[in-house]
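An overview of the molecular structure
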Amino acid sequence: MDHANVVEEVFEVVAQSAPEIRGALPGRRTETSGQNPSGELRLAADDYADELLEERLGEIDGVGRYASEETEESVDTGDGLSVAVDPLDGSSNLKPNNTMGTIVGVYDAPLPAAGRDLVGATYVLYGPITTMATAVEGEVTEYVVTDGEREAVRENLTLPEDPAVYGFGGRVPDWTEDFSSFVEGIESDESLRLRYGGSMIGDVNQVLTYGGIFAYPALQSASEGKLRLQFEGNPVGYIVETAGGRSSDGERSLLEIEPDELHQRAPVHVGSTELIDRLEDALD
Ligand code: F6P
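Note that this is a predicted model, so its numbers are computed, not measured.

**Looking at the domain arrangement of the chain**
The assigned domain composition of the chain is domain 1 (3-154) and domain 2 (165-283). Interface area, domain 1 with domain 2, both sides summed: about 3,000 Å², of which 57% is carbon and sulfur. Ionic pairing is found between Arg116 and Glu241, a salt bridge with its closest N-O pair at 3.9 Å. For the interface between domain 1 and domain 2, the tally reads 17 residue pairs in polar contact (both at pLDDT 80 or more). Listing elements by their share of the side of domain 1 that touches domain 2, those giving two or more residues are strand 3 (62-68), strand 5 (80-89), strand 6 (100-107), strand 7 (118-126), strand 8 (130-136) and strand 9 (139-146). No other element matches strand 7, which puts eight residues into the side of domain 1 that touches domain 2. Residue composition of the side of domain 1 that touches domain 2, grouped by class: 22 nonpolar, 14 polar and eleven charged.

See below:
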């Protein structure tokens, strides 16, 4: 199978699995099962989504590696492309019944890989309805997912011209001085509204819908921020860049970072080009 077909098959499997992942959440809101490699609490819901996706994505002819944010090592699944998966992004939002996501990056390289090696990426957003955004071959599409079937609702999606929303993670007193000054500028702009839900996919999807900026920046206590490059930063950066926006670690596109480790973190800033340009100037 050529790459485009494998990526399409990955998207199909993710869409088919989304209702099952969503359906498995009510019984798994509080049960925990240790920690993930980044030291975060693992929920039974994370494990469920991880096992389901490993089994199904691993079975695809043309997928050779499965790596998950939930497990230390990647798994050999044959020959072909590598998939890096955050099975349930923002799972601390499960207890208060807030939005969550599933993120999948498809890399044409062994992991850890640079975002430039991505040949496709997608995320599912478990909101009031289940939606999915895909980026492949220079095009972003948003779908509504019903019973595992995708229906395209926005094709060739691009970020709106006038940015309207912003949302930044991390404790405010832990932000760097430069980032705090940038935020002051954003907050004094009357055309922008705060929208922050604490689940990256929920927050990024607002940016994709209304235009604006989402960041989980470098912190004084953590110079690489919190989000994982392979599983979170790269796929989301790829989707936002494909939609005509920008991604940055503060200096350059997230997709330019050459990673050393599978679970490596990076400061993540994504959104409308003019705002990411302004951010890079502020952090310079
Ligand atoms: O990486 C998991 C995650 O839940 C992201 O979805 C979200 O952006 C971030 O962590 C929120 O972190 P915090 O709880 O520090 O605001």
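Structure shown, so let's carry the discussion forward.
**Regarding the side chain of Gln230**
Mapped onto the elements, Gln230 comes out in helix 5 (residues 229-242). In this structure Gln230 comes out as buried when scored by relative accessible area, which is 0%. Here the side chain of Gln230 touches Ala113 through a polar contact of 2.8 Å, landing on its backbone oxygen. Beyond its immediate stretch of four places on either side in the chain, Gln230 contacts Ala84, Tyr107, Leu111, Pro112, Ala113, Pro235, Pro259 and Leu262.

**Examining the packing of aromatic side chains**
Overall, the coordinates contain six aromatic pairs when judged by the stated rule. Relative to Phe182, the ring of Phe179 has its centre 6.0 Å away and its plane inclined at 40°; by these criteria the two rings are tilted. Placement of the pair is Phe179 and Phe182 together in helix 3 (residues 177-187), with a separation of three residues, close to one helical turn. An aromatic cluster of three or more residues is present, and its members are Tyr166, Phe168, Trp175, Phe179 and Phe182. The lysine or arginine in question, Arg150, covers the ring of Tyr143, its NZ or CZ lying 4.8 Å from the ring centre.

Cut-offs used in this document
Residues numbered from 1 in each chain as written. Predicted model: local features only at pLDDT ≥ 70, side-chain atom pairs only at ≥ 80, totals over all residues. Heavy atoms only, no water. Domains from an automatic or database assignment. Buried area = accessible area lost by both parts, 1.4 Å probe. Salt bridge = Lys/Arg side-chain N within 4 Å of Asp/Glu carboxyl O. Polar contact = N/O pair within 3.5 Å; in protein donor to acceptor, adjacent residues only side chain to side chain. Helix = DSSP H or I, 4+ residues; strand = E, 2+ residues; numbered from the N terminus. Nonpolar A, V, L, I, M, F, W, Y, C, P; charged D, E, K, R; others polar. Buried < 20%, exposed > 50% of the residue type's maximum accessible area, 1.4 Å probe, protein only. Contact = heavy atoms within 4.5 Å. Phe/Tyr/Trp six-rings, centres within 6.5 Å; stacked < 30°, edge-to-face > 60°. Lys NZ or Arg CZ within 6 Å of the ring centre and 35° of its normal.

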